[in-house]
Amino acid sequence: MTLKGKHIVAGITGSIAAYKAAVLVRLLVKEGAEVKVMMTALAKEFITPLTMATLSRNPVLVDFFDPENGAWNSHVDLGLWADALLIAPATANTIAGMAAGTAGNLLLATYLAARCPVFVAPAMDLDMFRHTATTQNIQTLQARGVHIIEPSTGALASGLDGKGRMEEPEKIVRYVVDAMQPGDCAGKKVLVTAGPTYEPVDPVRFVGNRSSGRMGYALAEELAQRGAEVILVSGPTALSVKHPAIRRVDVQTAAEMYRAATEHFPAMDAAMMTAAVADFTPAAVQSEKIKDKQEFDLKLVPTKDIAAELGAAKRPGQVLAGFALETHNETENAVKKLTKKNFNFIVLNSLNDAGAGFGHDTNKITIIDKDRHSVHFELKSKDRVAKDIVDRLVACWKQ
Ligand code: CTP
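Cut-offs used in this document
- Residues numbered from 1 in each chain as written.
- Predicted model: local features only at pLDDT ≥ 70, side-chain atom pairs only at ≥ 80, totals over all residues.
- Heavy atoms only, no water.
- Helix = DSSP H or I, 4+ residues; strand = E, 2+ residues; numbered from the N terminus.
- Buried < 20%, exposed > 50% of the residue type's maximum accessible area, 1.4 Å probe, protein only.
- Contact = heavy atoms within 4.5 Å.
- Areas by Shrake-Rupley, 256 points an atom, 1.4 Å probe, with all protein chains shown as cover.
- Axes fitted to C-alpha atoms, helices over the stretch in contact; angles between N-to-C directions.
- Parallel < 35°, antiparallel > 145°, perpendicular 65-115°, else oblique.
- Left-handed = near helix turned anticlockwise from the far one by under 90°.
- Nonpolar A, V, L, I, M, F, W, Y, C, P; charged D, E, K, R; others polar.
- Salt bridge = Lys/Arg side-chain N within 4 Å of Asp/Glu carboxyl O.
- Patch = residues over 30% accessible without salt bridge, like charges linked within 9 Å, V, L, I, M, F, W, Y side chains within 5 Å.
- Pairing = 2+ DSSP bridges.
- Domains from an automatic or database assignment.
- Phe/Tyr/Trp six-rings, centres within 6.5 Å; stacked < 30°, edge-to-face > 60°.
- Near = heavy atom within 4 Å.
- Polar contact = N/O pair within 3.5 Å; in protein donor to acceptor, adjacent residues only side chain to side chain.

Caption draft 1: The overall build of the protein, seen in detail. The helix and strand tally for the protein stands at 14 helices and 21 strands. Expressed along its principal axes, the backbone C-alpha trace of the protein runs to roughly 75 × 55 × 45 Å. A total of 399 residues make up the protein; the buried ones form 49% of that total. Taking the contacts inside the protein whose residues are at least 6 apart along the sequence as the reference set, 66% of them involve residues at least 24 apart. When the accessible surface of the protein is summed, it comes to about 19800 Å², and 51% of that surface belongs to carbon and sulfur atoms.

Structure follows, in structure tokens:
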């Protein structure tokens, strides 16, 4: 039983595919889950609460309170009770309500209150499914980390043929089971530094660099998806965090990043240093905006090397990984950094490789370890690169 002891709120909305929810709930129970079924008012027209209560072995929840006796169905308690919220079938209307954050029925309110993974299996007519409004709502949910279980293509209740059929219950349950298995980073705490740092010159100007933060954010998401608790110490970026297991600590300067990283590192199982930390910062910050349009010298002083500091403090069992972005003598320079900063491994990317480094969605990396053993990877999306890097981290923990 792969879902043994898991609490699942199974939401059913008003679609003809609601009849499949009976099989779905039966399969969830068979996998060992405790299931509470929540139905919208319209869903009751497609399948009876009696059927669903019998199969789930729990009373079906429809309203915020029971009109008979006034008993309150607390959406907050239900949201916290759930280890997973699965909405299948999910209509265009419910998906829109979730994207907009409305709380007009018990199911939508529970979605807002839930802290657990959320799975949505859409079911609707093909034109409704491919409508820009629905497409955008689904993208909004995905950006928030909601799992969308894609509908399949085939004959629809409307008589039309196309994409919009709710996925078969067996496949939905398989998807949920896979996503709910503890990842290989479960129980681990990982610090990730990401993005650039901005070193102020005066109240409006700064010295910075072109780092977008994308590699660090992709790593943080990958770690969180695989079960880690992540502290993401981030310089200024335009990115947002999706996974609830990522705690973002915003910093501006190298000094602030140093303070945040050194404060959190002792409690961590690993640190991944992806930030492009400024190597120099202005010796003095002007308190007023510099107005004179005359030539002047800006005195810069070195910042602290955060990675080297963590490398010196590293205790047995902690893994520290760094990044090197090089333009020449790539391997030699990367190995020097690996040794100097006491990294377990270093991720090298070369600005000579098209599609690698700053500002791209892709990256091409080489991972070099303490024994100077290197592994080259193909050009991939930063999300895929993050998987390769986390695989290496997991291998280090196992050593
Ligand atoms: N790093 C850091 N703190 C700094 C500088 C770098 O934590 N003050 C980390 C980076 O996050 C990266 C690694 O050290 O993981 C290498 O960064 P890089 O800037 O390439 O190294 P430097 O030591 O600054 O070397 P150089 O600028 O001479 O290439």
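Here the narrative resumes.
Caption draft 2: Here's a closer look at the packing of helix H5 (residues 92-100) against helix H8 (residues 132-143). H8 packs onto H5 with a crossing angle of 50° between their chain directions and a minimal axis gap of 9 Å. In terms of axis orientation, H5 runs oblique to H8. Of the two elements, H5 crosses H8, and the hand of that crossing is left-handed. Of the residues in H8, those touching H5 at Ala92, Ile95, Ala96, Met98 and Ala99 are Thr134, Asn137, Ile138, Thr140 and Leu141. Counted by class, the contact of H5 with H8 contains 7 nonpolar, 3 polar and no charged residues.

Caption draft 3: Spatial organisation of helix H13 (residues 330-340). Asn333, Ala334, Val335 and Leu338 are the residues of H13 that are buried. Each element contacted by the buried residues of H13 is listed here: strand S16 (319-326), strand S17 (345-350) and strand S19 (366-369). The positive-phi residue at the C-terminal boundary of H13 is Asn342, with phi of around 60°.

Caption draft 4: Quick look at the pattern of salt bridges. For the structure on display, the rule yields 16 salt bridges. One salt bridge connects Glu222 with Arg226, and the closest N-O pair in it is separated by 2.8 Å. Taking relative accessible area as the criterion, Glu222 reaches 7% and is therefore assigned buried. Asp250 is paired through a salt bridge with Arg248; the nearest N and O atoms lie 2.8 Å apart. Members of the salt-bridge network, linked through shared partners, are Asp184, Glu222, Arg226, Lys387 and Asp391.

Caption draft 5: Broad picture of a nonpolar patch on the surface. On the surface, a cluster of nonpolar side chains totalling about 420 Å² of accessible area is made up of Ile16, Tyr19, Leu42 and Phe46. Note on placement: Ile16 falls in the loop between strand S1 (7-12) and helix H1 (20-30).

Caption draft 6: Representation of the sheet that holds strand S5 (residues 147-148) in the model. Strand order in the open sheet made by the 5 strands is S2-S1-S3-S4-S5, with parallel pairing throughout. Sheet topology places strand S2 (34-39) and S5 at the edges, where each strand pairs with a single neighbour.

Caption draft 7: Structural view of the domain arrangement of the protein. Assigned domains of the protein: these are domain 1 (7-180) and domain 2 (189-398). On a C-alpha basis, the centroid separation for the pair domain 1 and domain 2 is 40 Å.

Caption draft 8: The side chain of His264, seen in detail. Mapped onto the secondary structure, His264 falls in helix H11 (residues 254-264). Sequence-distant contacts of His264, that is, excluding residues within four places in its chain, are made with Leu191, Ile231, Arg247 and Val249.

Caption draft 9: Focus on the packing of aromatic side chains. Using the criterion set out here, one finds 2 aromatic pairs in the structure. Measuring from ring centre to ring centre gives 6.0 Å for Phe119 and Tyr175, while their planes differ by 85°; the resulting arrangement is edge-to-face. Here Phe119, found in strand S4 (residues 118-122), pairs with Tyr175, found in helix H9 (residues 169-180); they are 56 residues apart in sequence, far enough to count as distant. A relative accessible area of 32% means that Tyr175 is categorised as partly exposed. Ring plane angle 10° and centroid distance 3.7 Å describe the contact between Tyr198 and Phe206, whose orientation is recorded as stacked. With a relative accessible area of 42%, Phe206 lands in the partly exposed category.

Caption draft 10: Quick peek at the sheet that holds strand S20 (residues 374-376). The mixed open sheet is built from 8 strands, whose spatial order is S12-S11-S8-S13-S16-S17-S19-S20. Two strands bound the open sheet, and with one partner strand each, they are strand S12 (246-250) and S20. Sheet twist, expressed as the average angle between the axes of neighbouring strands with direction ignored, equals 15°. Of the pairings in the sheet, the one linking strand S8 (residues 189-194) to strand S11 (residues 229-234) comprises 6 bridges and is parallel in character. If you follow Lys189 over to S11, its bridge partner there is Glu229. Strands S8, S11, S12, strand S13 (270-273) and S16 of the sheet are contacted by helix H10 (residues 214-225), whose axis makes an angle of about 165° with S11.

Caption draft 11: Focus on H5. Among all positions of H5, only Ala92, Thr94, Ile95, Gly97, Met98 and Ala99 are buried. If you follow the buried residues of H5, they end up packed against strand S3 (84-90), helix H6 (106-113), S4, helix H7 (126-130) and H8. At the C-terminal side of H5, Gly101 shows a positive phi close to 80°.

Caption draft 12: Spatial organisation of the pairing of strand S6 (residues 152-155). Two elements, S6 and strand S7 (residues 161-165), share 4 bridges in a ladder whose sense is antiparallel. Paired with Thr153 across the bridge in S7 is Lys163. Between the end of S6 and the start of S7, which pair antiparallel, lie 5 residues, with Gly159 showing a positive phi angle near 95°.

Caption draft 13: Geometry of the site of the ligand. Taken together, 13 residues form the shell around the ligand, and within it Met273, Ala275, Phe323, Lys337 and Lys341 come nearest. Take Lys341: an N or O atom from its side chain is 2.7 Å from an oxygen atom of the ligand. Relative to its free-state accessible area of 570 Å², the ligand is covered by the protein chains to the extent of 76%. Taken together, the elements giving at least two residues each to the shell around the ligand come down to helix H12 (306-313) and S16. Of the residues assigned to the shell around the ligand, the class counts are 6 nonpolar, 2 polar and 5 charged.

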